[in-house]
Amino acid sequence: MDIQKIREDFPILSRTVYGKPLVYFDNGATTQKPRLVVDALVDEYYSVNANVHRGVHFLSQQATELHEASRETVRQFINADSTNEVIFTRGTTESINLLVSSFGDEFMQEGDEVILSVMEHHSNIVPWQLLAARKGIAIKVIPMNDKGELL
């Protein structure tokens, strides 16, 4: 695996911070996009930008077809059985909230436990805390040692 080649796909990673190559770990909040993704977004905005699943005009139909084609690409990539299993959200926080509210409300009950680590991003703590308050589930936290290893 050529890490430098991968970094080249992310122009922001060519920056230096404090004299060292930028390393970005805040992906739970905002993920850096490779040039290919940004280029595809720009192309979509300039050539097919329209409501998906909401119009009968040409651009809306074309945007819907591209949207569903991307769902099929993701389905194949994650080996899902159906495109119905692929749900697009605006980001990780929205995804976690959707998971906790749908799965948690449907399947979890008082006395069930959720295991989190002390290294969790805030967006993966609060939804579980809210669910715990609503449903009486317990949250267990895995500690970490001074080396950053989970115990």
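All figures in this text were calculated on a predicted structure; none of them were measured in a lab.

## Things to note about the side chain of Asn 124
Here Asn 124 shows up in the loop between β3 (113-117) and α5 (126-135). Residue Asn 124 is classed as buried on the basis of its relative accessible area, which comes to 17%.

## Re the packing of aromatic side chains
Inspection of the entire model under this criterion finds one aromatic pair. Aromatic side chains Phe 103 and Phe 107 sit 5.4 Å apart centroid to centroid with 40° between the ring planes, which places their arrangement in the tilted category. Placement of both Phe 103 and Phe 107 in helix α4 (residues 92-107) is noted, with a separation of four residues, approximately one turn of the helix. For Phe 103, a relative accessible area of 39% corresponds to the partly exposed category. Judged by relative accessible area, Phe 107 falls into the exposed class, the value being 58%.

## A closer look at a nonpolar patch on the surface
A cluster of nonpolar side chains, namely Val 37, Val 38, Leu 41, Val 42, Tyr 45 and Tyr 46, defines an oily patch on the protein surface of about 620 Å² accessible area. Within the secondary structure, Val 38 sits in helix α2 (residues 35-47).

## Focus: the nonpolar core
Judged by nonpolar contacts, Ile 96, Val 100, Met 108, Val 114, Leu 116, Trp 128, Leu 131, Ala 132 and Ile 137 together constitute the single largest core of nine residues. Mapped by element, the contributors of at least two residues to this core are α4, β3 and α5. In this structure Val 114 touches Met 108, Trp 128, Ile 137, Ala 138, Ile 139 and Lys 140, once residues within four positions along its chain are discounted.

## Description of the confidence of the model for the protein chain
For the protein chain, mean pLDDT is 93; residues scoring 70 or higher make up 99% of the total. Confidence scores differ between elements of the protein chain, with helix α1 (residues 3-8) showing the lowest mean pLDDT of 90 and strand β4 (residues 138-142) the highest of 97.

## Quick notes on the environment of Ala 132
As for its placement among the helices and strands, Ala 132 is situated in helix α5. For Ala 132, a relative accessible area of 16% gives the class buried. Residues Ala 132 and Ser 70, spaced 62 residues apart in sequence, show a C-alpha to C-alpha distance of 35 Å. Each residue touching Ala 132, except ones within four places of it in the same chain, is listed here: Ile 137 and Ile 139.

## A short note on the pattern of salt bridges
This structure, assessed with the given rule, holds five salt bridges. Between Glu 72 and Arg 75 there is a salt bridge; the shortest N-O distance is 2.8 Å. Of this pair, Glu 72 and Arg 75 both sit in helix α3 (residues 58-78), separated by three residues, roughly a single helical turn. Accessibility expressed as a relative area gives 26% for Glu 72, which makes it partly exposed. The exposure class assigned to Arg 75 is buried, which follows from its relative accessible area of 18%. Residue Asp 105 is joined to Arg 134 by a salt bridge in which the shortest nitrogen-to-oxygen separation is 2.9 Å. Taken as a pair, Asp 105 in helix α4 and Arg 134 in helix α5 lie far apart in primary sequence, 29 residues in all.

Calculation criteria
- Numbering of residues begins from 1 in every chain and follows the order in which that chain's sequence is written.
- Only residues with pLDDT of at least 70 get local features here, since the model is predicted, and only at 80 or more are side-chain atom pairs given and counted; chain-wide, interface and lining totals rely on the full set of residues.
- The basis for every side-chain value is the complete set of non-hydrogen atoms in the structure, without hydrogens or water.
- The way it works is that DSSP assigns letters per residue, a run of H or I at least four long becomes a helix, a run of E at least two long becomes a strand, and they are numbered from the N terminus.
- Any residue under 20% of the maximum accessible area for its type is buried, any over 50% is exposed, and the rest in between are partly exposed; the area is computed with a 1.4 Å probe on protein chains only.
- Between rings of Phe, Tyr and Trp, where Trp is taken as its six-membered ring, a pair exists when centres lie within 6.5 Å; planes separated by under 30 degrees are stacked, by over 60 edge-to-face, and by other angles tilted.
- Patch criteria: residues need more than 30% relative accessible area and no salt bridge. Like-charged residues are merged within 9 Å; nonpolar side chains of Val, Leu, Ile, Met, Phe, Trp and Tyr are merged within 5 Å.
- Areas reported as accessible are Shrake-Rupley estimates using a 1.4 Å probe. Residue values count occlusion only from the protein chains shown.
- Salt bridges are counted wherever a side-chain nitrogen of Lys or Arg sits within 4 Å of a carboxyl oxygen of Asp or Glu.
- To define a nonpolar core, start from buried Ala, Val, Leu, Ile, Met, Phe, Trp, Tyr and Cys residues and group those joined through side-chain atoms within 4.5 Å.
- Throughout, a contact is declared for two residues whenever any of their heavy atoms are within 4.5 Å.
- Each residue carries a pLDDT value, the predictor's own confidence for that position, ranging from 0 to 100.

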